[in-house]
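Notes for the structure review
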Amino acid sequence: MPHKIGFVVVSSSGHEDGFSARELMIHAPTVSGWRSPRFCQFPQEIVLQMVERCRIRKLQLLAHQYMIPSRVEFYISESLPECFSPCHAERFRRLGYVSLCDNEMTGCKARELKSVYVDAVGQFLKLIFHENHTNKYNVYNQVALVAINIIGDPADLGDESNIASREKLIDHYLGHTTEDPALEGTCTGKSDYISPLDDLAFDMYQDPEVAQIIRKLDERKREAVQKERYDYAKKLKQAIADLQKVGERLGRFEVEKRCAVEKEDYDLAKEKKQQMERYRGRAYARLQLHGLLDAEPVRRPLGLPLQPLVPPGSPRHQPATLSPPPQEEGVTENRFAEALLQDKLSSHSLDTSQQPPVDQSLPATHPHLKTHLQSLPYDERPLPAVHKQPGAAAVEPEDGDADMSEAPRGATAGEPERLTEKALREASCAVDVLGEALVAGAYSKTWSYREDALLTLCERLGEMPVGTPKEDLRSALRASVFLIRRAIRDIVTPVFQASLKLLKMVITQYIPKHKLSKLDTTYCVERTVPVLLTRTGDSSARLRIVASNFIQEIALFKEVKSLQMIPSYLVQPLKANTSTHLALSQMDLLARLLKDLGTSDTGFTVDNVMKFSVGALEHRVYEVRETAVRIIWDMYKEHRALTLDYLPPDDSSTRKNVLYKTIFEGFAKLDGRPTDAEIRAQKKAAAEEAEKQKKDEIKALQGQLAALKEMQAEVQEKESEATKAKDPDARGRKAAPPSTPDAPDTRCLDNLCIFCGERSDSFTEEGLDLHYWKQCLMLTRCDHCRQVVEIASLTEHLLTECDKKDGFGKCYRCNEAVLKEELPKHIKTRDCNPAKPEKLANRCPLCHENFTPGEEAWKAHLMGAAGCTMNLRRTHVLHKPAAPPPGKGPAMSKSGTSGTKVGSKIPTPKGGLSRSSGRTYTKR
C-alpha cells in the first residue's frame, strides 16, 4: 500500500538566511519552507534522498503564496552522482514537469497544493525550479517551496505484488472480491489506496500532537475492521472525524500565536496558548470518557525528530540495507544525510512491541523547544534527526569536508575515529609533525573533536620553548597552517572560530616569539587569507561578519601590514559570476581598510583602487555600485586631480549616466561648488531679477524722455519770445511753422555724452567716437576683442559676447569672468572678494569691489575723486586730443545688459547716439 516516504535534503543550489531547504523535512502548520536567495540565477535545484529505494506513486508540492516558480521539473535517480556537475546530469532521469498558477486571481493570498501522480523507481529525487512569476510582492525575484510530500511503496518488495496478484486471481475463481463496500475507505479495500492521513494537507493543517492521536485511532480502526468489531470501528471513525476538526482549530490557534509573538503582542500570545490548552484538554477528556484514549494522552518528548508516523505493519519497519552515496568535496550535506538515514533504519529495526507506537514527529511550535532553538545561532541549530542509542557518538549538524566520507574503523567511544587511508595520505606531513591523534581529531566527523584539536594545537604552539631549532618551528608552523586552512572551510561555527583563534595566535605570538622571518608570515597570509575571503561570501550573515572583521583586524597587525598583501587581494577585479554576498563583503572590506590604511605604502594605490572601483560601477548589484561610488568619493578627497584621470570628462553626455552624475555632483559638494540643480535655480532667479530690472529701466527711460520733451518745449517757447521782443514791428513776415509734438527737436542731446553726461562743442559725431574710444570714464576697451564696452557690463561681455568667450569661466564666489586655465587655482585659493547680490551692491570688474547699487552709483564710483583706482582713463580726462577728420574714427561697439553689440544703424533726429530701452546703444 502506498504510504508517506521519509526523506532528507542532500543538497540545494542556495537559500535565503533562515529558509534552508532542510525546512522541507518538517510538515507542520507553522513551517516556513525553503526560499531561494535574493536575485538568484535560475534554475534553482534541490536534491532529496529517500529513506529507502522506492516506487514513487504521488508527489505533492505546496507553493508559496507569491514566490511562485513558473515551472518545477522532476528527476529521479538510483544513486547520487559523484559531483553535481552537468557532465553527471545523465544519472538523473527526467520524469516531467508541472506548471504553477501565478495566483493573480486570489491576489497572492492563497497557496496552491499541486499533486502529481507518477510511477518511477529510485532513491534520489531532484527538483528544478524555473523563473518566478512576477508580482508586486516578490520584489527580489525569489522562488519558494513551503512543503513537499512523497508517497510510494518500497521498491525492494517486488515479490509482494506478485503474491497479491496471485491472491486476487484465486479470489476471482472462488467468487470472492476485495472490492467490498464495507471495506471502502480502508487500507484493505484497494492495494493502491492512499490514506488521507498521508496527504500533505493533513499535516500542514493539523496540530502535530492531534495528528499523532488520529493516526493511532486510524490504526485501531483498521484492526477493528479486520476483527469485525464494527461497533468499535464506528465509534473510532466518529472520534477521528471530531479530532480532525479539533486539530485544524488548534493549528489555527498556533498560527495566530506565532503571529502575535512576531508582533511582540505577548498578551495575545499568552491568551492563545491558554485557549489551546483548554480546548485540547476538553477534547482529550471526551476521548477518555468514551474509552478511546489512554488514561494520559501520550505527548511527544522534545528530543524526538520530525518524521511521518510509521504504522507497525508497514514495510518501512523491515530492515533494509542503505548504500551510502559517493562523497565529493563541495557537497556539504551528504554525510549528515547518510548518518541520518542510517539512524532511521536502525530505529526502524527496533522491536515495536516493546514501546508504544507513538508518532516520531516533533511539534514545530512547542514553546520550550522553539525558544531554545531560536536562542541559538542559525548555523548551530540542531537538525531533525533520530536519537542514537546511548554511547554512540553524536552526529554533527553539518560537515563540509569530502574526505571524511570513508567509514573510519577502530574508533573507541569518547575518542575521534582513526584516519582513513585517504586522509593519511593527504595529511601525512601534519601527522609526522603533530602526531596522528591530534590530526585525527581535526579530521573527525564530530565537530567538537575538531574544535578541541584546534584548541589543543593552539596551546601546544604557545608552550613551545624559545630556542627550539628553526627547522622544527617552521615544520610546526606549516603543519598548523595546513589544519587552519582546512578548518576555515568548516561550516560549523565553533570550529571556524577556533581556526581564527589559532591563526591569530600564530601571526601575533608564535612568529614574533621565536623571531621567525617575514617569509614565514608571508606563507601564513598567502595560504589562509584567500580561503578566508571566500568565507565572506557565506550564506550565513554571522559568518560573513566574523570573517570580514577578522581580515580587517589582521590587516592592521604590524606583522601583516608591512607585507602589503591583503590590499592586493581586495583590489582584484570582481568576476561576472561572483556571488552577491562575496562582492558586497569585498567592497565593504576595501572601503573600511582604505580609511584605516590610506594609500601611502600600504598596498593600496590610486591606480589599483580607482581601476577596481570604476570596474565595480558596472556590477549587476546596486549595493556594490553604491559602495564603489563612496570609495571614489573617498579617493577624491585625498587625490583630486589623480582621481579625475580615471573618470570620463564631466560633460552632458557623461552625466546621462546616473552613476557618473552622482559622482560628479558629489565632487562639487566636496569642492564647495554648487551642483547642477543649484546652478539651475540660481540662473532662474537671476533671469527673473534681470527681467524685473529691465522693466524698471524701461520705465525710468520713459520718464526721462518725457522730461526731455518738457525741457525742449520750454526752450523753444523762450526762444520765440526773445525773437518777438527784438523785432516787434516786423509785420508780414512769415512766421515759422510751430513744431509738432509728435516730432520734438532733439537739439538738447547734441554735444552730449550719454554715458558720463559731459557736454562739449567738440562732441560732433567723430568727436564723440574719439571720446568713447579713449576718454569716457564709464567705458573701457576689451583686451581680447578690442571692442569698447561699458565697464558695468564688462563681465557679461567676456562670458557671452567676446570673441574669446569660450576661454572664460565664471567664479561662483566673486561672479567675475576668469580664464578657464586659471579658474581651478582661483577657486582653490579662495582669495577673491565674494560678490553680493545685485539688489544689495554693484560689482566693479576693475577693482573687484562692491559698492552701492544703482545707475548713479556707477558714475560716482568710476568718475568720482575717491572712485575706482583701477580706472586708467581718469588720468586722461584733462588731456583731450583733437577730433579726427570725418570718417576716420575707430570702429566701436557698445554692449549693455541685453547683450546686443554696437554697430547696427538706427536713425536719430540729428546724429550722435540714441539710447533705447533695455540699455542697448547704437551708433549712427
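Residues numbered from 1 in each chain as written. Predicted model: local features only at pLDDT ≥ 70, side-chain atom pairs only at ≥ 80, totals over all residues. Heavy atoms only, no water.

Looking at an unreviewed UniProt entry, one finds the chain named Centrosomal protein of 104 kDa, with Rhinolophus ferrumequinum as its source organism. Comment text from UniProt for the chain, heading Subunit (unreviewed entry), reads "Interacts with CCP110 and CEP97. Interacts with ARMC9, TOGARAM1, CCDC66 and CSPP1." Check the Function (unreviewed entry) section of the UniProt entry for the chain; it says "Required for ciliogenesis and for structural integrity at the ciliary tip." (UniProt positions renumbered as here; feature names shortened; annotations may be inferred.)

Counting its secondary structure elements, the chain contains 27 helices and 16 strands. Counting over 924 residues, the chain shows a buried share of 45%. Contacts in the chain between residues far apart in sequence, at least 24 positions, make up 66% of those at least 6 positions apart. Counting every atom, the chain has about 49300 Å² of accessible surface; 52% of that belongs to carbon and sulfur. (Helix = DSSP H or I, 4+ residues; strand = E, 2+ residues; numbered from the N terminus. Buried < 20%, exposed > 50% of the residue type's maximum accessible area, 1.4 Å probe, protein only. Contact = heavy atoms within 4.5 Å. Areas by Shrake-Rupley, 256 points an atom, 1.4 Å probe, with all protein chains shown as cover.)

So, on to helix H22 (residues 658–671). The end-to-end C-alpha separation of H22 is 20 Å, in line with the 20 Å expected for 14 residues at 1.5 Å each. Among all positions in H22, only Tyr660, Ile663, Phe664, Gly666, Phe667 and Ala668 are buried. Each element contacted by the buried residues of H22 is listed here: helix H19 (606–616), helix H20 (622–638) and helix H21 (640–644). Measuring from the side-chain oxygen of the N-cap residue of H22 to the backbone nitrogen of Leu659 gives 2.9 Å; that N-cap residue is Asn657. (Expected span 1.5 Å × (residues − 1). Polar contact = N/O pair within 3.5 Å; in protein donor to acceptor, adjacent residues only side chain to side chain.)

When you tally the buried positions in strand E4 (residues 44–63), you get 16 out of 20 residues, the bulk of the element. As judged from the five bridges shared by strand E2 (residues 7–12) and E4, these two strands associate in the antiparallel manner. Directly across from Ser11, in E4, lies its bridge partner Val47. Pairing of E4 with strand E7 (residues 113–129) involves 14 bridges; the strand directions are antiparallel. What sits directly across from Leu62, in E7, is Leu113. The pairing of E4 with strand E8 (residues 144–154) spans nine bridges and is classified as antiparallel. Within the sheet, the bridge partner assigned to Ala63 lies in E8 and is Leu145. (Pairing = 2+ DSSP bridges.)

Now for the packing of aromatic side chains. Using the criterion set out here, one finds eight aromatic pairs in the structure. Ring centres 6.3 Å apart and planes at 85° place the aromatic pair Phe253 and Tyr279 in the edge-to-face group. Placement of Phe253 in helix H4 (residues 230–262) and of Tyr279 in helix H5 (residues 266–289) is noted, with a sequence separation of 26 residues between them. In this structure Phe253 comes out as buried when scored by relative accessible area, which is 7%. A residue is classified by how much of its surface remains accessible, and Tyr279, at 15% relative accessible area, is buried. With a centroid separation of 5.9 Å and an interplanar angle of 80°, the aromatic rings of Phe664 and Phe667 are classed as edge-to-face. Note that Phe664 and Phe667 are positioned in helix H22 at a spacing of three residues, about one turn of the helix. Of the two residues, Phe664 and Phe667, neither departs from the other in class, the shared state being buried. Three or more aromatic residues joined by ring pairs form one cluster here, namely Tyr636, Phe664 and Phe667. Positioned above the aromatic ring of Phe92, the side-chain terminus of Lys126 is 4.5 Å from the ring centre. One residue, Arg486, lies across the ring of Tyr443, its end atom 3.6 Å from the ring centre. (Phe/Tyr/Trp six-rings, centres within 6.5 Å; stacked < 30°, edge-to-face > 60°. Lys NZ or Arg CZ within 6 Å of the ring centre and 35° of its normal.)

So, about unusual backbone geometry. In this structure, the amide linkage connecting Phe42 to the following residue, Pro43, adopts the cis form with an omega of 0°. Even without glycine at this site, Asn103 takes up a positive phi of about 65°. Residue position: Asn103 is located in the loop between strand E6 (93–99) and E7. A positive phi angle, close to 55°, is found at Asn141, a residue other than glycine. Within the secondary structure, Asn141 sits in the loop between E7 and E8.

Side chains of Glu710, Glu714, Glu717 and Glu721 sit close together on the surface and give a patch of like negative charge. Along the chain, the position of Glu710 falls in helix H23 (residues 676–726). Residue Glu710 is classed as exposed on the basis of its relative accessible area of 55%. (Patch = residues over 30% accessible without salt bridge, like charges linked within 9 Å, V, L, I, M, F, W, Y side chains within 5 Å. Salt bridge = Lys/Arg side-chain N within 4 Å of Asp/Glu carboxyl O. Lys, Arg positive; Asp, Glu negative; His and termini not counted. Charge placed at Lys NZ, Arg CZ, Asp CG, Glu CD.)

This part takes up helix H13 (residues 493–513). End to end, H13 covers 29 Å across 21 residues, agreeing with the expected 30 Å (1.5 Å per residue, within 8%). A bend of about 40° at Val506 is the largest found in H13. Phi turns positive one or two residues past the end of H13, at Lys515, with a value near 55°. (Bend = angle between axes of the 7 residues up to and from the residue.)

With that settled, the discussion passes to the pattern of salt bridges. Counted by the stated rule, this structure contains 28 salt bridges. Across the salt bridge formed by Asp153 and Arg57, the nearest N and O atoms sit 3.3 Å from each other. Of this pair, Asp153 sits in strand E8 while Arg57 sits in strand E4; the two residues are 96 residues apart in sequence, bridging distant segments of the chain. The class for Asp153 is buried, based on a relative accessible area of 14%. With relative accessibility at 29%, the residue Arg57 sits in the partly exposed group.

So, on to the confidence of the model for the chain. In this model, the chain carries a mean pLDDT of 76, and residues with pLDDT of at least 70 account for 73%. Here residues 176–189 scores under 50 on pLDDT; set against residues more than four positions off or in separate chains, the count is 15 contacts. Here residues 882–924 is modelled with pLDDT under 50, and outside its nearest four sequence neighbours on either side it reaches 96 contacts, counting other chains as well. (pLDDT = per-residue confidence, 0-100.)

Leu461, Tyr510, Ile566, Phe604 and Leu647 are the most contacted members of the largest nonpolar core, which totals 88 residues. If you tally residues by element for this core, the top one is H13, at eleven residues. Look past the residues within four positions of Ile566 in its chain and what remains in contact with it is Val525, Val529, Ile551, Ile554, Ala555, Val560 and Leu593. (Core = buried A, V, L, I, M, F, W, Y, C linked by side-chain atoms within 4.5 Å.)

As for its position among the elements, Leu543 is in helix H15 (residues 541–555). Of the residues examined, Leu543 reaches a relative accessible area of 3% and is grouped as buried. Sequence separation of Leu543 and Val492 is 51 residues, and the distance between their C-alpha atoms is 9.8 Å.

On the surface, Arg249, Arg252, Arg278, Arg282 and Arg286 cluster together to form a positively charged patch. Those elements giving two or more residues to the positive patch turn out to be H4 and H5. Ranked by the residues each element gives to the positive patch, the list is headed by H5, at three residues. Secondary-structure assignment places Arg286 in helix H5. Taking the relative accessible area as the measure of exposure, Arg286 reaches 46% and is therefore partly exposed.

On the basis of relative accessibility, which here comes to 9%, the residue Asn103 falls in the buried class. Ignoring sequence-local partners within four residues, the contact set of Asn103 consists of Gln65, Ile68, Cys108, Lys109 and Ala110.

This part is about the pairing of strand E5 (residues 71–77). In terms of burial, E5 is a largely internal element, six of the seven residues being buried. Judged from the six bridges that link them, E5 and E6 form a sheet pairing that is antiparallel. Of the residues in E6, the one forming a bridge with Glu73 is Tyr97. Pairing geometry for E5 and E7, over six bridges, is antiparallel.

The next point concerns the packing of H19 against H20. Helix-helix packing is described using two parameters, namely the angle between the two axes and the distance between the axes. Where H19 contacts H20, the two axes come as close as 8 Å, and the packing angle between them is 150°. As the angle between them shows, H19 and H20 are arranged roughly antiparallel. When you trace H19 past H20, the crossing you get is left-handed. Contacts between H19 and H20 involve Val606, Val609, Met610, Ser613 and Ala616 from the former and Val624, Arg625, Ala628, Ile631, Ile632 and Met635 from the latter. Along the lines of polarity and charge, the residues of the contact of H19 with H20 split into nine nonpolar, one polar and one charged. (Axes fitted to C-alpha atoms, helices over the stretch in contact; angles between N-to-C directions. Parallel < 35°, antiparallel > 145°, perpendicular 65-115°, else oblique. Left-handed = near helix turned anticlockwise from the far one by under 90°. Nonpolar A, V, L, I, M, F, W, Y, C, P; charged D, E, K, R; others polar.)

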